[in-house]
Amino acid sequence: TVRKLSAGTTPATTVIGLGSAFAHLITPCIDEKIPFNLLSDEILRLEGMSDFSEGDTAARMPVFDSDLFLEQMAHNRELIAEIVGLFKTETTTQLQDLRHSLDSGNYHRASRIAHSLKGSLASLHAPRAHYWSQLLETAAVQRNSERAEILLQALRQCLDALESKLHELVHG
């Protein structure tokens, strides 16, 4: 388990644990969970041995893992079309609500929307957009409007690329 902490620490402290024995001690301080596949990048960044930016990290992630998604959907084309349609409809609404929440300074609502979107993206096997939504959720929790704006833009661009991949999957 890799966690980034910031409650009372500057800069944020990264804790790496192999198990949950001490989870109750650090859980109240957790800002974000670092995906396991990014662990090596995070360690190198923390040690000052890497100049990877978040954009570099995201660029190395696939927009969409169609093989995993197809397997999850048991290659059922009708189910795939239904799930993709629901995702598009919900995402449109979520992005509008997210924009409104950030504009009105309702960071709690913005973080909840980003969290929900993050879950949908995980189910779709869309790691790049999932990554951006996770960072956006964290920025909203931290009430960091400038960072949230940048991350929302990155997420929107990624969702455009994802929509293209999903369209291709459904319509051939």
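Residues numbered from 1 in each chain as written. Predicted model: local features only at pLDDT ≥ 70, side-chain atom pairs only at ≥ 80, totals over all residues. Heavy atoms only, no water.

Colleague: Explain the overall build of the protein to me, using residue names and the numbers behind them.
Modeller: A tally of helices and strands in the protein yields eight helices and three strands. In sequence order, the secondary structure elements of the protein are arranged as β-β-α-β-α-α-α-α-α-α-α. Considering the protein as a whole, with its 172 residues, one finds that 34% of them fall into the buried category. Pairs at least 24 apart in sequence give 60% of the contacts found in the protein among residues at least 6 apart. With the model as given, the accessible surface of the protein reaches about 10000 Å², and the carbon-plus-sulfur share is 53%. (Helix = DSSP H or I, 4+ residues; strand = E, 2+ residues; numbered from the N terminus. Buried < 20%, exposed > 50% of the residue type's maximum accessible area, 1.4 Å probe, protein only. Contact = heavy atoms within 4.5 Å. Areas by Shrake-Rupley, 256 points an atom, 1.4 Å probe, with all protein chains shown as cover.)

Colleague: Can you tell me about the nonpolar core, naming the residues and giving the values?
Modeller: In this structure, Phe69, Leu121, Trp132, Leu136, Leu155, Leu159 and Leu162 are the most contacted members of the largest nonpolar core, which totals 38 residues. At the level of elements, α4 (66-72), α5 (77-103), α6 (107-124), α7 (127-141) and α8 (145-171) are the ones that each hand at least two residues to this core. The leading source of residues in this core is α8, at 10 residues. Other than its neighbours up to four places away in sequence, leucine 155 contacts Leu117, Leu121, Ala129, Trp132, Ser133 and Leu136. (Core = buried A, V, L, I, M, F, W, Y, C linked by side-chain atoms within 4.5 Å.)

Colleague: Tell me about α6, and name the residues and values.
Modeller: With 18 residues, α6 should cover 26 Å at 1.5 Å per step; its first-to-last C-alpha distance of 25 Å lies within 8% of that length. Buried residues along α6 sit against α4, α5, α7 and α8. (Expected span 1.5 Å × (residues − 1).)

Colleague: So what's going on with α5? Residues and values would help.
Modeller: Compared with the 39 Å implied by 1.5 Å per residue over 27 residues, the 39 Å span of α5 between its first and last C-alpha is a close match. Three or more residues of α5 are buried, namely Ile80, Val84, Phe87, Thr91, Gln94, Leu95, Leu98, Ser101 and Leu102. Lining the buried residues of α5 we find α4, α6, α7 and α8. At the N-terminal boundary of α5, the capping side chain belongs to asparagine 76, with an oxygen 3.1 Å from the backbone nitrogen of glutamate 78. Glycine 105 lies just past α5 and shows a positive phi near 75°. (Polar contact = N/O pair within 3.5 Å; in protein donor to acceptor, adjacent residues only side chain to side chain.)

Colleague: Break down the environment of glutamate 163 for me, with residues and values.
Modeller: With respect to the helices and strands, the residue glutamate 163 is situated in helix α8. Separated by 79 residues in sequence, glutamate 163 and valine 84 place their C-alpha atoms 9.0 Å apart.

Colleague: Give me the lowdown on the side chain of serine 101, citing residues and values where you can.
Modeller: You can see serine 101 is positioned in helix α5. Residue classification places serine 101 among the buried positions, given a relative accessible area of 3%.

Colleague: Would you mind going over the packing of α7 against α8 in detail, with residue names and values included?
Modeller: Interaxial distance between α7 and α8 falls to 9 Å at its minimum, and their mutual angle equals 160°. Classified by the angle their axes make, α7 and α8 are roughly antiparallel. Along this stretch, α7 crosses α8, giving a crossing that reads as left-handed. For the pair α7 and α8, the contacting residues are Arg128, Ala129, Trp132, Ser133, Leu135, Leu136 and Ala139 in the first and Arg147, Ala148, Leu151, Leu152, Ala154, Leu155, Cys158 and Leu159 in the second. Grouping the constituent residues of the contact of α7 with α8 by class yields 12 nonpolar, one polar and two charged. (Axes fitted to C-alpha atoms, helices over the stretch in contact; angles between N-to-C directions. Parallel < 35°, antiparallel > 145°, perpendicular 65-115°, else oblique. Left-handed = near helix turned anticlockwise from the far one by under 90°. Nonpolar A, V, L, I, M, F, W, Y, C, P; charged D, E, K, R; others polar.)

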